[in-house]
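Fold and geometry: a report
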Amino acid sequence: MKSKPGSFLTTPLLVAAFLACAYGAQGQPLPVLPTVGPESSPRHAETGYLVVYTDTESPINTGDIQYYPHTDYKIYDSHGAVYRWVRNHRSERDERPTYVSLPPGHYMVVGKSETRGEVAVPVVISGLRTTVVNLEKRPLEASN
């Protein structure tokens, strides 16, 4: 079985490139969490999806109800450049994280964790699959 040349280096190189950029910009590197996503390299050309459960903002009181929208985050491409900034809710009354469609590949998500502050998470996006990153301390609710 043949493997693609350099494919085993993709994630470590992505992490190294990102850490170099983050260190230069902030003076201290961000904590990097384990990679999230399928173990195999992306094979489909079709779009994949990303959902990130970041920490929530301070409660927004709209009368009788308080809402806790998720904080924004950034997605970096495999070269360490900002690929996309994600507003992780549609409105002040929206507590669901945003579904982001992405081409298959390796990315770095930088967002706010409930327990560790701002963190970096390498993610793998594969066609026709959804990769979920949970930066909340409580487990995700089962979806129907």
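A brief report on the enclosed structure follows. (Residues numbered from 1 in each chain as written. Predicted model: local features only at pLDDT ≥ 70, side-chain atom pairs only at ≥ 80, totals over all residues. Heavy atoms only, no water.)

Thoughts on the nonpolar core
The condition that has to hold: Nine residue types can take part in a nonpolar core, namely buried Ala, Val, Leu, Ile, Met, Phe, Trp, Tyr and Cys, and a core is a set of them joined through side-chain atoms within 4.5 Å. Partly exposed describes any residue whose relative accessible area lies between the buried limit of under 20% and the exposed limit of over 50%, with all areas from a 1.4 Å probe on protein chains only and scaled to the type maximum. Under the DSSP-based scheme used, a helix requires at least four consecutive residues in state H or I and a strand at least two consecutive residues in state E, with every element numbered from the N terminus.
Of all hydrophobic cores here, the largest spans 16 residues; its most connected members are Leu50, Tyr73 and Ile75. Going through the elements one at a time, β1 (48-53), β4 (73-76), β6 (99-102), β7 (105-113) and β8 (117-125) are the ones with two or more residues in this core. By residue number, the principal contributor to this core is β8, which donates four residues. Counting residues in each nonpolar core, the second largest holds five residues, with Leu30, Tyr76, Met108 and Ala120 among its members.

Some points on the pairing of strand β9 (residues 130-134)
Where we set the bar: Two strands make a pair as long as DSSP finds a minimum of two bridges between them.
Residues of β9 alternate between two faces, with Thr131 and Val133 buried on one and Thr130, Val132 and Asn134 left unburied on the opposite face. Relative to β9, β1 is paired through five bridges, and the arrangement is parallel. Directly across from leucine 50, in β9, lies its bridge partner threonine 131.

Considering unusual backbone geometry
If you check the backbone angles, leucine 128 has positive phi at about 65° while not being a glycine. With respect to the helices and strands, the residue leucine 128 is situated in the loop between β8 and β9.

Read these as layout, nothing more, since geometry by itself doesn't imply function.
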